[in-house]
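# Coordinates in review
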Amino acid sequence: MNALYDVPAPAKVNLFLHIVGRRDDGYHELQSVFMLIDWCDYLHFERLDNGAIERVDSTPGELPEDDLCVRAARALRQATGCAHGVRITLDKRLPTQAGLGGGSSDAATTLLALNRLWGLDLRRDALARIGLTLGADVPFFIGGRHAWVEGIGERLTPIELPRAHLVLIKPPGGASTPRIFAEPSLKRDTETATIQGFAANGNLESMMTFGHNDLEPVARALCPEVGEAIHWLADQGLSGRMTGSGTAVFAPCARNQVLSPAPASWQVRVCSNMDVHPLLDWCDG
């Protein structure tokens, strides 16, 4: 096998996000439910036998030269001693600074694809351990299923979620994740929830009445467009909240939801959740 083309890297949304504590090393303990959705980046991988790791962008200048895809390829090669190289082309369709996990998903897809392209045959848990060195969300995308998430994001319990459609809005403004977590007003002591309490809700709309996003008040202060987008959703009769550290917001909707015109600077997209990650069967374990 010499190449893999049009390999998807799906986004996720956080149905809720609670900060339940802070560790001595400064990392925050969280609880959340991560849900895979069908808005994706796409990556192309061409094996190089000279050992080089190269990246080509379909939209040059938008991403740092040493992004998570390149770091993932290097980490996999270091962990295995593989001598192959790769040329990675990234078709970046997911917005950045959105809370959709785009960079982490790109890294996970890179690990899954190169595991196949380089003939390494690593199991899922081995790839997840490498992924965790790149970012706390990477193991979720390698796991390939919706999940109840705890710890700093590394403790995953796969869960089933009902089929659903949702409206996503990404306003142009962004908010720095480190700045949000450093904010003194951030609530860090939300009461611990249980997976049984969450699962008692039957459909996605009911599930979104569970909990809240502790990062949202800080993100609203840094990026007022977050609140504006949630108010716009309310005007459509939809109940929205922010995903991750923002600044994208979302709300469950009908399959053929009719929406009034949104501000031209916003990205508005109707998505569906996935049953499983499209690369779930690309590794064992």
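Preceding this section is the structure that the text describes.
I will try to describe carefully the structure that is included in this document. (Residues numbered from 1 in each chain as written. Predicted model: local features only at pLDDT ≥ 70, side-chain atom pairs only at ≥ 80, totals over all residues. Heavy atoms only, no water.)

### Topic: the sheet that holds strand S10 (residues 267-272)
Pairing is antiparallel across the open sheet formed by four strands, whose spatial order is S8-S9-S7-S10. Looking at the sheet topology across the chains shown, the edges are occupied by strand S8 (241-242) and S10. Bridge count for S8 against strand S9 (residues 249-253) is two bridges, and the pairing is antiparallel. When the sheet's bridge partners are listed, Met-242 is paired in S9 with Val-249. In the packing of helix H9 (residues 225-235) onto the sheet, the strands contacted are strand S7 (165-170), S8 and S9, and the crossing angle to S9 comes to about 15 degrees. (Pairing = 2+ DSSP bridges. Helix = DSSP H or I, 4+ residues; strand = E, 2+ residues; numbered from the N terminus. Contact = heavy atoms within 4.5 Å. Axes fitted to C-alpha atoms, helices over the stretch in contact; angles between N-to-C directions.)

### A closer look at the pairing of strand S6 (residues 155-158)
The pairing of strand S5 (residues 147-151) with S6 spans four bridges and is antiparallel. Residue pairing across strands places Trp-148 opposite Thr-157, the latter belonging to S6. Taken together, S5 and the strand that follows it, S6, pair antiparallel across an intervening segment of three residues, in which Gly-153 is found at a positive phi of about 120 degrees.

### Topic: the nonpolar core
Generally speaking, a soluble globular protein has its nonpolar side chains buried in company with each other. Formed by 65 residues in total, the largest nonpolar core has its most connected members in Phe-45, Val-86 and Leu-111. Contact partners of Leu-111, with chain neighbours within four places excluded, come to Ala-72, Leu-76, Leu-127, Ile-130, Gly-131, Leu-134, Val-138 and Ile-142. (Core = buried A, V, L, I, M, F, W, Y, C linked by side-chain atoms within 4.5 Å. Buried < 20%, exposed > 50% of the residue type's maximum accessible area, 1.4 Å probe, protein only.)

### Thoughts on the packing of aromatic side chains
Per the counting criterion, the structure on display carries eight aromatic pairs. Ring geometry for Phe-34 versus Phe-140: centroids 5.1 Å apart, planes at 90 degrees, classification edge-to-face. Of this pair, Phe-34 sits in strand S2 (residues 28-48) while Phe-140 sits in helix H4 (residues 138-143), and the two are 106 residues apart along the sequence. Side by side, Phe-34 and Phe-140 carry an identical accessibility label, which is buried. With a centroid separation of 5.0 Å and 65 degrees between ring planes, the pair formed by Phe-140 and Phe-141 is classed as edge-to-face. You can call Phe-140 buried: its relative accessible area is 1%. A relative accessible area of 0% places Phe-141 in the buried class. Counting every residue linked through ring pairs, the aromatic cluster contains Phe-16, Trp-148, Phe-198 and Phe-210. The lysine or arginine in question, Lys-12, covers the ring of Phe-34, its NZ or CZ lying 4.9 Å from the ring centre. Geometry around Trp-282 places Arg-116 over its ring, the cationic atom sitting 4.2 Å from the centre. (Phe/Tyr/Trp six-rings, centres within 6.5 Å; stacked < 30°, edge-to-face > 60°. Lys NZ or Arg CZ within 6 Å of the ring centre and 35° of its normal.)

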